Amino acid sequence: MSRPGTPEPALCVQGDSAAGTQDEDAADGTQHSHRMLSFSDALLSIIATVMILPVTHTKISPEQQFDKSVQKLLATRIAVYLMTFLIVTVAWAAHTRLFQVVGKIDDTLALLNLACMMTITFLPFTFSLMVTFPEVPLGIFLFCMCVIAIGAVQALIVVYAFRFPHLLNPEIQGSAHRALYRRHVLHIVLRGPVLCLAAAGFSLFFYPASYLLMAMAVFLPYLSKAASWCRCRLLGPQEPPTPSIELFDLNRQEPLSKERVAAFSDGVYAIVATLLILDICEDNVPDAKDVDERFHGSLVAALRESGPRFLAYFGSFATVGLLWFAHHSLFLHVRKATQPMGLLNALSLAFVGGLPLAYQQTSAFARQPRDELARVRISCAIIFFASIFQFATWTAALLHGPETLQPSARFGGREHAFMFAKLALYPCTSLLAFASTCFLSRFSTAIFHLMQIAVPSAFLLLRLLVRLALALLQTLRGLARPARGAEEDVRAPLLPAPC
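Note that the coordinates shown come from a computational prediction; the quantities given were computed from them, not determined experimentally.

### Remarks on the overall build of the protein chain
So, step 1. A tally of regular secondary structure across the protein chain gives 21 helices and 2 strands.
So, step 2. Across the 499 residues that make up the protein chain, the buried fraction comes to 44%.
So, step 3. Long-range pairs, those at least 24 residues apart, make up 81% of the contacts in the protein chain with a sequence separation of at least 6.

### Things to note about the nonpolar core
So, step 1. Of all hydrophobic cores here, the largest spans 100 residues; its most connected members are Ile120, Leu123, Met214 and Leu355.
So, step 2. With 11 residues, helix H18 (residues 372-400) is the single largest residue contributor to this core.
So, step 3. Each of domain 1 (29-227) and domain 2 (258-477) contributes no fewer than three residues to this core.
So, step 4. When neighbours within four sequence positions are excluded, Leu355 is seen to be in contact with Val272, Leu276, Thr319, Val320, Leu323, Ile382 and Ile383.

### Comments concerning a nonpolar patch on the surface
So, step 1. A cluster of nonpolar side chains, contributed by Leu460, Leu461, Leu464, Leu465 and Leu468, occupies part of the molecular surface with about 530 Å² of accessible area.
So, step 2. Tracing the backbone shows Leu468 in helix H21 (residues 462-491).

### With respect to the packing of aromatic side chains
So, step 1. Overall, the coordinates contain 17 aromatic pairs when judged by the stated rule.
So, step 2. Here the aromatic rings of Phe325 and Phe459 are separated by 6.2 Å at their centres, their planes lie at 70 degrees, and the arrangement is edge-to-face. A residue pair is termed long-range when its members are at least 10 positions apart, and Phe325 in helix H15 (residues 307-333) and Phe459 in helix H20 (residues 444-460) qualify at 134 residues.
So, step 3. Judged by its relative accessible area of 34%, Phe325 falls in the partly exposed class.
So, step 4. Put simply, the rings of Phe351, Phe384, Phe385 and Phe389 pair up and form one aromatic cluster.
So, step 5. Above the ring of Phe164, the side-chain terminus of Arg163 is found at 5.3 Å from the ring centroid.
So, step 6. Against the face of Phe434 rests Arg377, its NZ or CZ located 5.9 Å from the ring centre.

### So, the environment of Phe418
So, step 1. Assignment of secondary structure puts Phe418 in helix H19 (residues 416-439).
So, step 2. When the C-alpha atoms of Phe418 and Leu465 are compared, they prove to be 9.4 Å apart, with 47 residues separating the residues in sequence.
So, step 3. Contacts of Phe418, omitting those with residues within four sequence positions, involve Leu462, Arg463 and Val466.

### Examining the pattern of salt bridges
So, step 1. With the rule as written, the count across this model stands at 1 salt bridge.
So, step 2. In this structure, Asp41 engages Arg260 in a salt bridge whose closest nitrogen and oxygen atoms are separated by 2.5 Å. Placement of Asp41 in helix H2 (residues 34-50) and of Arg260 in helix H12 (residues 258-283) is noted, with a sequence separation of 219 residues between them.
So, step 3. Residue Asp41 is classed as buried on the basis of its relative accessible area, which comes to 4%.
So, step 4. Taking the relative accessible area as the measure of exposure, Arg260 reaches 9% and is therefore buried.

### Regarding the packing of H2 against helix H5 (residues 107-121)
So, step 1. As a packed pair, H2 and H5 sit with axes 10 Å apart at the nearest point and diverge in direction by 10 degrees. Between H2 and H5, the angle falls in the class roughly parallel. Every residue of H5 that contacts H2 at Met36, Phe39, Ser40, Leu43, Leu44 and Ile47 is listed here: Ala110, Asn113, Leu114, Met117, Ile120 and Thr121.
So, step 2. For the contact of H2 with H5, the per-class residue count stands at 9 nonpolar, 3 polar and no charged.

### What to know about the confidence of the model for the protein chain
So, step 1. Looking at the protein chain, the pLDDT average stands at 78 and 81% of residues meet or exceed 70.
So, step 2. pLDDT under 50 marks residues 1-21. Its contacts with residues more than four places away, or in other chains, come to 0 contacts.
So, step 3. For the stretch residues 240-255, pLDDT sits under 50, and the model shows 24 contacts to residues farther than four places along the chain or on other chains.

Analysis parameters
- Residues numbered from 1 in each chain as written.
- Predicted model: local features only at pLDDT ≥ 70, side-chain atom pairs only at ≥ 80, totals over all residues.
- Heavy atoms only, no water.
- Helix = DSSP H or I, 4+ residues; strand = E, 2+ residues; numbered from the N terminus.
- Buried < 20%, exposed > 50% of the residue type's maximum accessible area, 1.4 Å probe, protein only.
- Contact = heavy atoms within 4.5 Å.
- Core = buried A, V, L, I, M, F, W, Y, C linked by side-chain atoms within 4.5 Å.
- Domains from an automatic or database assignment.
- Patch = residues over 30% accessible without salt bridge, like charges linked within 9 Å, V, L, I, M, F, W, Y side chains within 5 Å.
- Areas by Shrake-Rupley, 256 points an atom, 1.4 Å probe, with all protein chains shown as cover.
- Salt bridge = Lys/Arg side-chain N within 4 Å of Asp/Glu carboxyl O.
- Phe/Tyr/Trp six-rings, centres within 6.5 Å; stacked < 30°, edge-to-face > 60°.
- Lys NZ or Arg CZ within 6 Å of the ring centre and 35° of its normal.
- Axes fitted to C-alpha atoms, helices over the stretch in contact; angles between N-to-C directions.
- Parallel < 35°, antiparallel > 145°, perpendicular 65-115°, else oblique.
- Nonpolar A, V, L, I, M, F, W, Y, C, P; charged D, E, K, R; others polar.
- pLDDT = per-residue confidence, 0-100.

Rendered as structure tokens:
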């Protein structure tokens, strides 16, 4: 007789087969790369984000005015930060592409990846030298040498993995074009380091060309893609490639995994939120001697003096959290990340990484009220660019159609209007706050704080507000239809009657 417990052995067999596969991999000396990739994504997101610290810690004395010289200094450091952040994302994208080809790892590959990560962790130090001494060649030279070393280690990983094909992706193991895959991945991995090698050479006698070459390392893939599109438009479509080469070119144009893009982005948001509280811990814990002398032993009175900084922290954390929430909502509807979406997402994350700088500016309102207008505008600009590139990522996904977005988020979908409102909220409010300071400069701080309060409240009521707006539009459309019908009734007697 059959009993209710009879199906259980089938489940045990499935579990035993999965465990058996893991045991076979362990006995073979290989293992899956999932945990190593999670570690690498976390480390790369941390390194990319902490490079904002030399910018946020730019020393401006309380007596120093926030004049054009200080603004130029900050603008130069922000520009260098954005470029180096994007270079780190290029290294991360190459790492992603590399481990789309490499399916398993052994001890040697794991150690090579650790060597790559160790080199990457040295980038913030070289970036600090570049920011502090932008016209001295040594900082640029060391940064470029780090990028070259990262590319060299990644190239060693490629050569080693193709030397032992059992480490490769199963689809590539049996491919007749394995050498073509290897050449292609080496081209991706070494493209940036080659440009940085030229930048290191130029840094010795003409450093502006070094910055141009490093910027090319970021944008060259997109420029080459645009050139290919123009050539196709001018010369017409070329002969279609063979199926195996077509699959290869598809992987070349779609380099990013949605899961790894989301993991890297989550890491950036988490580190930015953590950096905010680190500034609170560093700057707002009163000294015991100071409490005794200035506040007569009252810790409450000492903490009350730092009240505006705590308010700035809560506002900045709410901004980071809501931008992450919008990013999370976007990638819930994304099916896959295209190359333009990857670039726009990286630009958004670069400005998200600048939010600790926005916090530093807003927390200084109470200490330096005469500079509040310039500081409010800097903060609004950082929030605007962080959110507008997020909105542009969604727009790029919409333009690619069904292959990138789920039906509910596309034009006419159930969630389309809600996603539009959610992603457009921060760009509109930050731009409105920036424009308001041009006419109401006396109230710039109040305008900024009002924005920080209004946006979280709008997020809570957003779905209700969108439904009300859609209902209002439908009502107006319904009122317009009877008006057109009445107009037709007036004209009807003038028309000849049908026979």
